[in-house]
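If you want the building blocks of each chain, they are given just below.
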Amino acid sequence: MEAKLQSVVQRLQERFPLQVEEFRGEAHVFVQAEHLLHLLEFLKTQEGFEMLSTVTAVDYWPQQQPRFHVIYQLLSLQHNLRLQVRVPVNATEPVLPTITSIYANASWREREVWDMFGIRFQGHPDLRRILMPQDWQGHPLRKDYPLGYEEPQFTFNFEEINQRKPYAKE
Amino acid sequence: MGIEQKLGNMGVVTTTLEQAVNWARTNAMWPMLFGLACCAIEMMAAQASHYDMSRFGMELMRASPRQSDLMIVAGRVTRKMAPVLRRLYDQMPEPKWVIAMGDCASCGGVFNNYAIVQGVDEVVPVDVYIAGCPPRPEALIHGIITLHEKVRGEKFISKA
Amino acid sequence: MTQIQEMTLDEIRHLVSENAIQGETVVLNMGPQHPSTHGVLRLIVELDGEVIVNAIPDIGFLHTGVEKNMEAKTYQKAEVMTDRLDYLNTMGNNLAYVMAIEKLIDLDVPPRAQAIRVILTELQRIASHLVWIGTSALDLAAMSVFLYAFREREMILDIFEMCSGQRMMTTYFRPGGLWRDVPVEFEDAVRNFVRIFPRRVDEYEALLTKNPLFLDRTVGIGKLTREQALQYGVTGPTLRASGVAWDLRKVSPYMGYEQYDFNIPTHTAGDVYARYLVRVQEMRESLKIVQQALAKLPYGPVRSNNRKYVPPPRSEIGVSMEALIHHFKLWTEGFTPPKGAVYSAVESPRGELGVYLESDGSPKPYRVHWRTPSFDNLQVLPILAKGHLIADLVAIIGSIDIVLGDIDR
């Protein structure tokens, strides 16, 4: 890890209880949900991480505690640094505070995480589905949601699949 | 060639009504702008100057379904977009034809998952399928010429 | 198949202002199929006469489920789906994915492969900007620019077809280098393109840059300030036109960009005209990079030698047992990277294209997330469009250069 990033991570470790992992020169900071807002506020105002690159999540099903990790990828233009903040979220109560007051583009990104994973964000101004239709059931990117593929038609099963396929009438 | 031979010394051309109507329909078929994804870029390239589609009568692409008679479904159709597609198809006046351009419109293409309709013939009846990901502009033009040949062979009796 | 949602006023009550509900303003649906929205973008526009009060984008009509589908395929097979995300920047998408894999594995790329990757990515950038200038000029009723731009694009697509066999969805970059070496006609074709292209850009500029009609429609429209751009995570030419000189090719160079001499065009006005000037200048700068990379093109292999991840050439399979075993393992099972997560970003023609790749030691990626630039760039549309007319809305959408495949994935 490079020296500037190392010093930023050290300052964070003094103020907040967190674990740090390093992989291929990147710094991954693990923090609990209650410290998230303060950490991001501190990073934006004091450490100069002006831009939020992305908010996404990973599903570790069938592991239940924690089931999801929500990932915030931050970018500092003045120092040219990247930092990744990971928040573990349980399966029973997947709720996190919203960060739209800190970074404005989190508004749509959190909507996408709600749509794809089912993690609620408290205080979000407009939490509804963004990529799937409004009345869709289920959260597609969860690992227990099926891919939903159609069986390929070969010559041996061509007729039976053809009969089941819903062709459009006039 | 053509008209002069038929004219002879009488100044009269004889043909069947079907041939005349089908000739008129094929030579000025106006496509509706329905470019969804990557195939739309190849459709635009086919409309541009290198592979000119206006020489086949498709000078303009009408955005309004009420003024077009050919719908080229270019690109992948998602489950959210499928009702919109059906509604636009219903708004087109008869006679109308549909070309499914590309693999995603023909059969779902590379994407075999929850979000993509596996072949646009689940939503609208298709006349010509064009394969390719994306099909070259020449392939699109070949598909359009195939559709023209199909329309030239259409009979009024069977449509009623 | 779901029914079309007839959106009642209750559902959008919290989005539109009080005036709409009382009927003083009109709520207009610029639906997914419209001649000027670039792709299937739906806008719910609230109008006071012809002045826009609010413009709310509704996306998701091209959501392809790529992220979930890539989890079901091995790394090599999943690369095919990456071209189809931002379909105007296909080489760039391949590059982002392949760089993420190489960062995860810590795999080297030979210098010849790096130089050819740079040449093809910059040509793709020029091709994407040509489509941008063609379609946004077409929206402003300048049709000749559309025809000229697509004529140049055909030359670039011929070069792509020469290398990989496909015009657009090439899948030419592979982990460790390229699929195969470029053919002998490649250098002449690129040199020919570099020779004729500057005069063509002069043609487009002669048609648009000082044209009073174009200036009337673009100067002062859709102003984006520096603070708003940083707040919303806007990147790419949209950010550079608002005064921030941030380009990933300069600040964190990859694939050998540090050896090429090029500038980052910026502008301070932040309106539609500034974004136009920035992109036109970027086309010229990309051409400079292509020229330099072609002049310095080194000889050597085009793919790494690490047989655990890169398949051996066919000639070697006949003579070496290890090569046969490597080939067999790579084709039946696929390669297995170490456990871990990386985030790797490149500069696409629209902004920062990032790939978050997490692996759990199996041959299939555990999670692939695409940080696509158009998703964040579109979020500023309500701010840019407020107070302008509908005709200006068309110009603004063209200037932020969104691609719906990028947004909806």
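Residues numbered from 1 in each chain as written. Chains lettered and ligands numbered in written order. Predicted model: local features only at pLDDT ≥ 70, side-chain atom pairs only at ≥ 80, totals over all residues. Heavy atoms only, no water.

Visitor: How should the interface of chain C and chain A be read in this particular structure?
Guide: One frequently used descriptor of interface size is the decrease in accessible area upon assembly of the parts. The interface of chain C with chain A comprises 50 residues on the first partner and 51 residues on the second. Taking both partners together, chain C and chain A bury about 4100 Å²; carbon and sulfur atoms supply 56% of that area. The partner of Glu112(A) in a salt bridge is Arg409(C), with the nearest N and O atoms 2.8 Å apart. Seen at the junction of chain C and chain A, the total is 28 residue pairs in polar contact (both at pLDDT 80 or more). Take the side of chain C that touches chain A: its biggest share by element is 5 residues, from strand S6 (residues 340–348) of chain C. Of the residues belonging to the side of chain C that touches chain A, the class tally is 24 nonpolar, 13 polar and 13 charged. (Contact = heavy atoms within 4.5 Å. Buried area = accessible area lost by both parts, 1.4 Å probe. Salt bridge = Lys/Arg side-chain N within 4 Å of Asp/Glu carboxyl O. Polar contact = N/O pair within 3.5 Å; in protein donor to acceptor, adjacent residues only side chain to side chain. Helix = DSSP H or I, 4+ residues; strand = E, 2+ residues; numbered from the N terminus. Nonpolar A, V, L, I, M, F, W, Y, C, P; charged D, E, K, R; others polar.)

Visitor: Would you mind going over helix H2 (residues 36–45) of chain A with me for this structure?
Guide: Two residues of an α-helix separated by three or four positions point the same way, owing to the 3.6 residues in each turn. Residues and elements named next belong to chain A. Restricting attention to buried positions, one finds in H2 the residues Leu 36, Leu 39, Leu 40, Phe 42 and Leu 43. For H2, the angular spread of buried residues about the axis comes to 160 degrees, placing them on one side. Along H2, exposed side chains directed more than 90 degrees from the buried face belong to His 38 and Thr 45. For H2, the elements touching its buried residues are helix H1 (3–15), strand S4 (68–76), strand S5 (81–89) and strand S6 (95–97). (Buried < 20%, exposed > 50% of the residue type's maximum accessible area, 1.4 Å probe, protein only. Arc of directions from axis to C-beta.)

Visitor: What is the right way to read the layout of surface pockets from this model?
Guide: Where empty space is left in the structure can be found by rolling a water-sized probe over the atoms. Taken as a whole, the largest pocket encloses approximately 980 Å³ of empty space. If you trace the largest pocket, you find 41 residues lining it, with Leu33(B), Met44(B), Pro35(C), Thr135(C) and Leu138(C) closest to the centre. Residues of the lining of the largest pocket, tallied by class, amount to 24 nonpolar, 11 polar and 6 charged. Within this model, the second largest pocket holds a volume of roughly 750 Å³. If you trace the second largest pocket, you find 28 residues lining it, with Glu26(A), Lys103(C), Ser252(C), Tyr343(C) and Ser344(C) closest to the centre. Mapped by element, the contributors of at least two residues to the lining of the second largest pocket are strand S2 (26–30), S4 and S5 of chain A together with helix H5 (90–105) and S6 of chain C. No other element matches the 4 residues that S5(A) contributes to the lining of the second largest pocket. (1 Å grid on protein atoms, 1.4 Å probe; cavity = no way out; pocket = protein on both sides within 12 Å on 5 of 7 lines; lining within 4 Å. Points joined across faces, edges and corners; volume = space filled by probe spheres on them.)

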